[in-house]
Amino acid sequence: MQHTSLSLELEYLKPAISLTMDSPLTSRTKSLFDPDPRRQNNLALSSGPITPNGTSSGGPDVRSRAFSLSTISTDDSVTSRNSLAPRLHSDTITEGFYQGQPHVPVESFLMPTQEQFLPDSLILHGGTAIHSEGGLFKKDAKEYLMLTNSSLLKFKTMEKASKVFGNQSVWSSSSGHQMLTPQQTSAISKDHRLLALNSIVGIHTMHPIGGDAQVVIEYLVSISSQPATMHFTPPADQLTGWLRQLRQGCNYHASQAAMIAKGTRQRQWIQEKMLDDYISLPANVAENHPTALGAGGMWRVYFKSQKIKGVPVLENGAATDVKVPLEGKVVVIAIGNSFVHILPHNLGNGSSKDDMKDERLILQYPILTIRSIVYKEKDDTFTMSFGTTLRQRTVQMTFASARAREIIIALRARVESLRWLYPLGRKGIDLTLSEILSRPIPVPSKEYLPDLGFEDLLRAECFAMNVDRKVFSNVRVDGFVISIDKPGDSTSLSSNTTAAAAAATASSPSTTSTTTTTTTRDYSVDEMKVLLRALRFNTTFKEISFSDISFHNLQRSKTLKDGTLRYGLRLDQEFYELIMGNPQIRVLSLHNCRLDTSTIGSIGRAIRDGYPAGLRLEVLDLHGNHASDGADVMTLAKGIVKHAGTLHRLDVGNCQITGDGINQIMHAFVANPDVASHTLEFFGIHANPESKVNSFILDMFLKHSMRLEITLKRLDLSGMAVHPTTLDQLISWLSTPGCESLEQIKVEGCGMDGGQFANLLEAIGQGGNSNIEVLAGRNLLSDGGDLTQGLVSVLASGETASSLGFRQTCWSESALRQLFVALSQNYTLKKLDLSSVSLASGRDPDVETCKLLGHMLSSPASRLEELYLRGEETVELTSRMGRNLWRSFEGLSHSRYLSRLDLRRNRFQDEGALALAEALRVNQSLIWLDMDENDVTTEGFNAILSAFHQGGTDQVPTSSRYYNSTLSCFVLPIKDMDKQTKELKESMLETYKAEQEIRFLLGNSTGKDSREWKERLSQVIRTRNQSADAIGRLDRAIQGITSAVDRNKAAMDAVIRDRERRREREREHDQFLREHRR
């Protein structure tokens, strides 16, 4: 027979070994590999076939398989350490073999079929047998049975058998296999034949109480495939011999035993019930071909029993196990892509009505839930255990089949074809098999597998873990980007709500959308395990985001109600495998995921080990996690060293990192001598508790960034009590021209006073970078008194930052007035954030302070373009400009540059809305406005609407000839609308209740009382109609404002298009003149 050569390259073993094997490995050679065969996922050892006398042959006349192991590299690289699957070279794949599934060579596990013998030409075994109750023989009859290579024969005595076969010696337990001549074979009559070996389903034993062991043969009576059972009791010393020879006879000589032939109706029906789980084979690949087992298959088996482990016992001592309808019957096991199907044997053989009834009995178990396989090979019995949704419970099924070896090999091949994707995360199957069957099944390298895609991997994992796929409906995939949201069904927003949310998001940095529907539930351990493992080895995604997904509870062990201890998720291992299996990742966002310190260290180790494999991180967001352990932060820093030349953004804020840890992370950017140029644009170390940062390392980091081609763009130190030496070092760096590309620096909550902040602004002015944005909220700039003279002078000058943020800053009344007076002289400031400001007195700013704000807006020197005055309301504190803010709107009328204004949550009511309407009527620069949550009613919104019309509206007429034509974005006041609508609807509900009471009294009264109740009833109805009209007027006012804003936007777009066309014509004209001059 022709030899087949299979080349495997093992990458994960360090010893250098070069072997070429054409025969079984010796025990000494096997000892070079992992001593535990369950962990050997790389090598299948070849063995020669077993000849009829039980010996092994490795010669050229049998189906031996030659394996070639190339030299194993001693390189301790990441690929070598982490690739647990051998590489299957493409030249070894059979031509025309089925595509789309891994090629798993399993030939060396099988017993070859001996096809060179004619039927009934070889006697395998013989002996006297006693029939037991229920057998086909007569009761208590003794007959002589003979087993040939194709049939089981019966004779009354051994002498009768000798007469049939002439003077030849008849088989006995001490002699070898005997060949028969054609004349002797022709002497076997039809009455001598009990059954054909090809009709056998399975062979097993039975031990009746008080009796000898019986051999039980499950077989098919005729071609109609009706199952039957045969019992016989051989002498005790011949039981083992009968079992061995019967099983070998089926394995060697009966190629169709327990098989379902191609083209039969039964096979077609089984394929239909398997749906897309069935793996089809080409026409030129036979079902019993060894390599076809990698695609599963279908076989007949006898379903002996089923037990459920882990189910509590009832009070009366009885177990809760329930016998399934298929138990004790011949069934079909079909192994598909992801499931093991157990189907009735008569499916497709009866009427359609019977088939519909049988379909209810079909059992399905995911392949990846197989826990263990036990096959002792004393008979055809084997046991499989499946895990259930409740992890402490296991379904244990026992079968008997003449094709038990092939079924087990097919199961292992299908498991390995899925499990290899999860080499460290998925526990292997517990195998209790012979040495040959328990050998590792080789699986192909990932590069030879088809790209299954995230959806298929997620579906397979859901099958394996019994998790509903709908849980992951909020996982959004957009090209190369995947974003994981809370579990549950996604909800769609209306167009208005979506527009409002988008507009609100586009506002100040502190703006958050209030219209997004969130899910409070977090992922369970099994759900997150499914998600993480579906993402492994998926090279599609370049950006993976787990932002705001809490892992905190997933890491904890918990005790179930029945006392079982369930361990948490090993996130350190899961994220290591996720990163190592996705070398194409460029963005990894774990913002506010509450990961523990060991997981952060594991992420650092993964980005370090993944660098040689091609991993090049550009964004790493670890904000809001826990990294308090110094060793884990050191590991993270070592990983950052590798990516110092590719990282654009690094955020380790609010991670509980100590000052030493921050020093290590900063030093990582200057410790790699191979990094010639940095790309770091954002560096966030804010909100970490200890800030004793080494000034020397900070100086190295900042100076190193100045020498780079693309320098630091964003630096976030918020929440850190900056030490004076660190602040001096930072100020020194800001005063140099090297920080000219810095776009934003955040020093919020750093404990700076007015003098230190003045020095910071002055350094920025000296550096000449006026485009920088300085966010300095939550600092004690006034300390309850006036501003320092130095800070007032810097703010009044034009040589400082163009954007200032004082969010959540506490001022004194005098300091806030000084701020407005100073900024009214500033001619470079373009953006000012005064959101959530508060006074030390706890009151809202007074009228005079708000008027000074208006003077700042109308100042001839002011170039302010964006102003954020959003308030904040909490249980402990209310921070806002307050009800008097409308006093500043007069200055808004004369502002020439202000284009964006945020007035949300200041509660200035309709009085403020009227003043704002008058300002909007005159102002011709404002483009964006948010005035929600100010307790404005229909009257106020009608006033805003009148500002867009010359002469006002019917509700709010005016004699002014001015009207607004520039506002093109108006954030819908959803909160105010909902509040007023709710109040009006509650008022209407009260009128309905009053109407019912009045009608009852009216029906039981006469005369004067009746007239009074009628008047009251009319008044109640008028009140209700007025409330309904008010709701309509509110809707019409908001719709009118929206229409006016859309009209302005369309007009502005038309102006912009005309301007662009004019510029294009001018360019074309200039080009024509230049060509004409030539």
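Residues numbered from 1 in each chain as written. Predicted model: local features only at pLDDT ≥ 70, side-chain atom pairs only at ≥ 80, totals over all residues. Heavy atoms only, no water.

### Topic: the overall build of the chain
Each helix and strand in the chain was counted, giving 26 helices and 42 strands. Burial statistics for the chain: of 1078 residues in total, 52% are counted as buried. Look at the contacts in the chain between residues 6 or more apart in sequence, and 77% of them connect residues 24 or more apart. For the chain, the accessible area works out to roughly 49,500 Å², and carbon and sulfur atoms hold 50% of it. (Helix = DSSP H or I, 4+ residues; strand = E, 2+ residues; numbered from the N terminus. Buried < 20%, exposed > 50% of the residue type's maximum accessible area, 1.4 Å probe, protein only. Contact = heavy atoms within 4.5 Å. Areas by Shrake-Rupley, 256 points an atom, 1.4 Å probe, with all protein chains shown as cover.)

### Focus: the packing of helix H19 (residues 789–796) against helix H20 (residues 813–823)
The angle between the axes and the distance between the axes are what describe a pair of packed helices. One way to put it is that H19 packs onto H20 with a least axis distance of 7 Å and a crossing angle of 35 degrees. Where H19 crosses over H20, the two elements pack in a sense that is right-handed. The residues of H20 that touch H19, namely those facing Val792, Leu795 and Ala796, are Gln818, Leu819, Ala822 and Leu823. When the residues that make up the contact of H19 with H20 are grouped by side-chain class, the tally is 6 nonpolar, 1 polar and no charged. (Axes fitted to C-alpha atoms, helices over the stretch in contact; angles between N-to-C directions. Left-handed = near helix turned anticlockwise from the far one by under 90°. Nonpolar A, V, L, I, M, F, W, Y, C, P; charged D, E, K, R; others polar.)

### So, the pairing of strand S19 (residues 394–400)
Within S19, 7 of the 7 residues are buried, which leaves it mostly tucked inside the rest of the structure. Side chains Thr394, Gln396, Thr398 and Ala400 project from S19 onto one buried face, and the interleaved Val395, Met397 and Phe399 project onto a second face that is buried too. Pairing of strand S13 (residues 297–309) with S19, which is carried by 7 bridges, proceeds in the antiparallel orientation. Residue pairing in the sheet places Lys307 in a bridge with Gln396 of S19. Relative to S19, strand S18 (residues 381–387) runs antiparallel, the two sharing 7 bridges. (Pairing = 2+ DSSP bridges.)

### Side note on the packing of aromatic side chains
The full count for this structure, using the stated rule, is 13 aromatic pairs. Their ring planes at 75 degrees and their centres at 5.9 Å tell us that Phe669 and Phe683 sit as a pair that is edge-to-face. In this pair, Phe669 is assigned in the loop between helix H15 (659–668) and strand S29 (682–684) and Phe683 in strand S29, connecting sequence segments 14 residues apart. The class for Phe669 is buried, based on a relative accessible area of 1%. With a centroid separation of 5.6 Å and 90 degrees between ring planes, the pair formed by Phe889 and Phe908 is classed as edge-to-face. (Phe/Tyr/Trp six-rings, centres within 6.5 Å; stacked < 30°, edge-to-face > 60°.)

### Section: the environment of Gly790
Tracing the sequence through the fold places Gly790 in helix H19. Overall, the relative accessible area of 37% leaves Gly790 in the partly exposed class. When the C-alpha atoms of Gly790 and Ala758 are compared, they prove to be 6.1 Å apart, with 32 residues separating the residues in sequence.

### Focus on the environment of Leu145
Within the element layout of this structure, Leu145 appears in strand S6 (residues 142–148). Overall, Leu145 belongs to the buried group, its relative accessible area being 0%. C-alpha of Leu145 to C-alpha of Lys156: the two residues are 11 residues apart in sequence and 8.5 Å apart in space.

### Some details on the pattern of salt bridges
For the structure shown, the criterion picks out 33 salt bridges. Between Arg521 and Glu527 there is a salt bridge, with its nearest N and O atoms 3.2 Å apart. A salt bridge links Arg907 to Asp935; the shortest N-O distance between them is 3.0 Å. With Arg907 in the loop between strand S40 (900–902) and helix H23 (909–922) and Asp935 in the loop between strand S41 (928–930) and helix H24 (938–946), the pair connects residues that are 28 residues apart, well separated along the chain. Using a relative accessible area of 14% as the deciding quantity, one classes Arg907 as buried. (Salt bridge = Lys/Arg side-chain N within 4 Å of Asp/Glu carboxyl O.)

### A look at the nonpolar core
Considering soluble globular proteins, one finds that nonpolar side chains tend to be buried as a cluster. Within the largest apolar cluster, 154 residues are counted, with the highest numbers of intra-cluster contacts made by Phe546 and Phe757. Looking at this core, the element that brings in the most residues is helix H11 (residues 525–535), giving 7 residues. If sequence neighbours within four positions are ignored, Phe757 has contacts with Met752, Val774, Ala776, Leu781, Leu791, Leu804 and Phe806. Judged by nonpolar contacts, the second largest core, of 35 residues, contains Met259, Leu293, Val395 and Ala410. (Core = buried A, V, L, I, M, F, W, Y, C linked by side-chain atoms within 4.5 Å.)

### Topic: the sheet that holds strand S10 (residues 200–206)
Here we have 3 strands laid out as an open sheet, ordered S10-S11-S12, and antiparallel in their pairing. Every interior strand has two partners, whereas the edge strands, S10 and strand S12 (227–232), have only one. Strand-to-strand twist in this sheet, taken as the mean axis angle between neighbours without regard to direction, amounts to 20 degrees. Sheet topology note: the strand S11 (residues 214–220)/S12 ladder contains 6 bridges and is antiparallel. By the bridge assignment for S12, Val215 is matched with Phe232.

### Some thoughts on the sheet that holds strand S15 (residues 339–344)
Reading across the sheet, the 8 strands line up as S16-S15-S14-S13-S19-S18-S17-S20 and stay open at both edges, with mixed pairing between neighbours. Of all the strands in the sheet, just strand S16 (363–366) and strand S20 (430–432) have a single pairing partner and so form its edges. If you compare each strand with its neighbour and ignore which way they point, the axes differ by 30 degrees on average.

### Some details on helix H5 (residues 239–253)
If you check H5, its first and last C-alpha atoms are 21 Å apart, about what 15 residues at 1.5 Å a residue would give, namely 21 Å. Most of H5 sits out of view: 13 of its 15 residues are buried. (Expected span 1.5 Å × (residues − 1).)

### Overview of the confidence of the model for the chain
Here the chain averages 76 in pLDDT, and 73% of its residues register 70 or above. For residues 1–104, every residue scores under 50 in pLDDT, and the model assigns this stretch 200 contacts once sequence neighbours within four places are set aside. (pLDDT = per-residue confidence, 0-100.)

### Notes on the side chain of Ser812
Along the chain, Ser812 turns up in the loop between strand S34 (810–811) and H20. Within the local environment of Ser812, its side chain forms a polar contact with the backbone oxygen of Gly785, the two atoms lying 2.7 Å apart. In this structure the side chain of Ser812 is engaged in a polar contact, spanning 3.1 Å, whose partner is the backbone nitrogen of Ala815. Excluding residues that lie within four positions of it along the chain, Ser812 makes contacts with Ser782, Gly784, Gly785, Asp786 and Leu839. (Polar contact = N/O pair within 3.5 Å; in protein donor to acceptor, adjacent residues only side chain to side chain.)

### Examining the packing of H20 against helix H21 (residues 847–858)
Packing of H20 against H21 leaves a shortest axis separation of 8 Å and a crossing angle of 15 degrees. Comparing their axes, H21 and H20 come out roughly parallel. As for the relative orientation of H20 and H21, their crossing is left-handed in sense. Between H20, through Glu813, Leu816, Arg817, Phe820, Val821 and Leu823, and H21, the contact on the second element is made entirely by Glu848, Thr849, Leu852, Leu853 and Met856. Looking at side-chain class alone, the contact of H20 with H21 contains 7 nonpolar, 1 polar and 3 charged residues. (Parallel < 35°, antiparallel > 145°, perpendicular 65-115°, else oblique.)

### Quick look at the side chain of Arg403
Summarising the element assignment, Arg403 is placed in the loop between S19 and helix H8 (404–419). Residues within four places of Arg403 in sequence aside, it is in contact with Cys250, Asn251, Ala254, Ser255, Gln256, Ala257, Ala258, Met259 and Trp299.

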